[in-house]
Amino acid sequence: MGKYIRKGLIITAIVFILIGLSQNGFHDMKNKAIRICYECIGIG
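Residues numbered from 1 in each chain as written. Predicted model: local features only at pLDDT ≥ 70, side-chain atom pairs only at ≥ 80, totals over all residues. Heavy atoms only, no water.

### A few points about the overall build of the protein chain
Formally: Numbering goes from the N terminus for both helices and strands, where a helix is a DSSP run of H or I of at least four residues and a strand is a run of E of at least two. Three exposure classes are used, based on accessible area relative to the maximum for each residue type with a 1.4 Å probe and protein chains only: buried under 20%, partly exposed in between, and exposed over 50%. All accessible areas in this document rest on Shrake-Rupley with a 1.4 Å probe, and a residue is counted as covered only by the protein chains that are shown.
The number of helices and strands found in the protein chain is two helices and zero strands. Seen along its three principal axes, the alpha-carbon backbone of the protein chain occupies a region of about 50 × 20 × 5 Å. In the protein chain, buried positions account for 0% of the 44 residues. By element, 69% of the accessible surface of the protein chain is carried by carbon and sulfur atoms, the whole surface being about 4200 Å².

See the structure below:
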């Protein structure tokens, strides 16, 4: 039973990762991370 739940969660995670990549989620996340880092050190 636990083996099926684990496999189901892994498949669901992979599907969500692929959806995020197809919607340019990585690009948005990278831009937000850069902006936050610049604000932390006082550049932006």
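Next comes the rest of the description.
### Structural notes on helix 1 (residues 2–22)
Condition: Here, expected helix span is obtained from the residue count minus one, scaled by 1.5 Å.
An ideal rise of 1.5 Å per residue puts 30 Å on 21 residues; helix 1 measures up with 30 Å between its terminal C-alpha atoms. One or two residues past the end of helix 1 sits Asn24, with phi positive at roughly 65°.

### Remarks on helix 2 (residues 25–41)
Helix length check: helix 2 (17 residues) gives 25 Å between terminal C-alpha atoms against 24 Å at 1.5 Å per residue, within 8%. Trailing helix 2 by a residue or two, Gly42 shows a phi angle of about 85°, which is positive.

### Let's talk about unusual backbone geometry
Within the chain, Asn24 stands out as a residue other than glycine whose phi angle is a positive 65°. Tracing the chain through its elements places Asn24 in the loop between helix 1 and helix 2.

### Focus: a nonpolar patch on the surface
Defined as follows: Like-charged residues are merged into a patch within 9 Å and nonpolar side chains (Val, Leu, Ile, Met, Phe, Trp, Tyr) within 5 Å, provided each residue has over 30% relative accessible area and no salt bridge. Only one rule defines a salt bridge in this text: a Lys or Arg side-chain nitrogen within 4 Å of an Asp or Glu carboxyl oxygen.
Nonpolar side chains collect at one region of the surface, where Ile10, Ile14, Ile17, Leu18, Leu21 and Phe26 lie side by side and expose about 630 Å² of accessible area between them. Counting residues per element, the nonpolar patch draws most heavily on helix 1, at five residues. Secondary-structure assignment places Leu18 in helix 1. A residue is classified by how much of its surface remains accessible, and Leu18, at 51% relative accessible area, is exposed.

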